[in-house]
Amino acid sequence: QVQLVESGGGLVQPGGSLRLSCALSGSIFSIDTMDWFRQAPGKEREFVARFIWSGGSTYYAGSVKGRFTISRDNAKNTAYLQMSGLKPEDTAVYYCNARLKKSLSDRFDTYWGQGTQVTVSS
C-alpha cells in the first residue's frame, strides 16, 4: 500500500510564501519522480514542478519558474514545494504524485495524494 499525504496549504497574502510537503509511505522499492500539480476552480489540473529522484534534476512550469522550488528529503521520502512571491492566480488545490515501483519486478505506477488548498488573497 502506497500513501502520499500533502500538508502545508493555507491562506496567504499576495507576495507571501508557503512550503508544501508531500510525505510518501508504504511499500516502496524505487522512486522515479515526484511531481506537484495544481487545479484551480473550473480549470484543468496543471503541472507545476518535477523532481527526478535519482540525480536531483528539477523542472518547472513557466508560470512558477523563479518563484517556486521543489526539493526532497531522501531519507524521509518527502518532497517539498517552497512557494514565494505568491499571486492570486496561484490559488488552487495542490496535489503531489509519485512514480514508483513497489518491488524489483513491478512496473512503474503513479500514485496521487489527496491535495492541499492554497489560497492567495488579501
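Residues numbered from 1 in each chain as written. Predicted model: local features only at pLDDT ≥ 70, side-chain atom pairs only at ≥ 80, totals over all residues. Heavy atoms only, no water.

A. Seen up close, the state of the cysteines. Under the definition given, this model contains one disulfide. Residue pairing for Cys22: its cysteine sulfur links by disulfide to Cys96, the two sulfurs lying 1.9 Å apart. Taking the torsion about the sulfur-sulfur bond, which here is approximately 60°, the covalent link between Cys22 and Cys96 counts as right-handed. Pair noted here: Cys22 is in strand 3 (residues 18-26) and Cys96 is in strand 9 (residues 92-101), with a separation of 74 residues, a long-range link. Comparing Cys22 with Cys96, the two get one shared label, buried. (Disulfide = S-S within 2.5 Å. Helix = DSSP H or I, 4+ residues; strand = E, 2+ residues; numbered from the N terminus. Buried < 20%, exposed > 50% of the residue type's maximum accessible area, 1.4 Å probe, protein only.)

B. Representation of unusual backbone geometry. Within the chain, Asn77 stands out as a residue other than glycine whose phi angle is a positive 50°. For Asn77, the location among the structural elements is in the loop between strand 7 (68-73) and strand 8 (78-83). By relative accessible area, which is 21% here, Asn77 ends up partly exposed.

C. Fine view of the pattern of salt bridges. Enumeration over the complete set of coordinates arrives at six salt bridges. Salt-bridge contacts for Asp90 lead to Arg67; the nearest nitrogen and oxygen are separated by 2.7 Å. Of this pair, Asp90 sits in the loop between strand 8 and strand 9 while Arg67 sits in the loop between strand 6 (58-60) and strand 7; the two residues are 23 residues apart in sequence, bridging distant segments of the chain. Exposure class is identical for Asp90 and Arg67. Each is buried. Among the salt bridges present, the one from Arg107 reaches Asp109, with a minimum N-O distance of 3.0 Å. For Asp109, a relative accessible area of 25% puts it in the partly exposed group. Within this structure, Arg38, Glu46, Arg67 and Asp90 form a network of salt bridges that share partners. (Salt bridge = Lys/Arg side-chain N within 4 Å of Asp/Glu carboxyl O.)

D. Representation of the packing of aromatic side chains. Evaluated as defined, the whole model comprises three aromatic pairs. Each ring, one from Phe37 and one from Trp112, has its centre 5.2 Å from the other, and the planes form 65°; the classification is edge-to-face. Placement of the pair is Phe37 in strand 4 (residues 30-39) and Trp112 in strand 10 (residues 109-112), with a sequence separation of 75 residues. Among the residues examined, Trp112 registers a relative accessible area of 37% and is labelled partly exposed. (Phe/Tyr/Trp six-rings, centres within 6.5 Å; stacked < 30°, edge-to-face > 60°.)

E. Representation of the side chain of Arg67 in the model. You can call Arg67 buried: its relative accessible area is 14%. At 2.9 Å, the side chain of Arg67 and the backbone oxygen of Ser63 are in polar contact. Here the side chain of Arg67 touches Asp90 through a polar contact of 2.7 Å, side chain to side chain. If sequence neighbours within four positions are ignored, Arg67 has contacts with Gln82, Met83, Ser84, Gly85, Leu86, Lys87 and Asp90. (Polar contact = N/O pair within 3.5 Å; in protein donor to acceptor, adjacent residues only side chain to side chain. Contact = heavy atoms within 4.5 Å.)

F. Inspection of the pairing of strand 1 (residues 2-7) at higher detail. What you see with strand 1 is a clean split: Val2, Leu4 and Glu6 sit on the buried side and Gln3, Val5 and Ser7 on the side with no burial. In this sheet, strand 3 lies alongside strand 1 in antiparallel orientation, the contact comprising six bridges. Bridging across to strand 3, Val2 finds its partner in Gly26. (Pairing = 2+ DSSP bridges.)

By themselves these figures say nothing about function.
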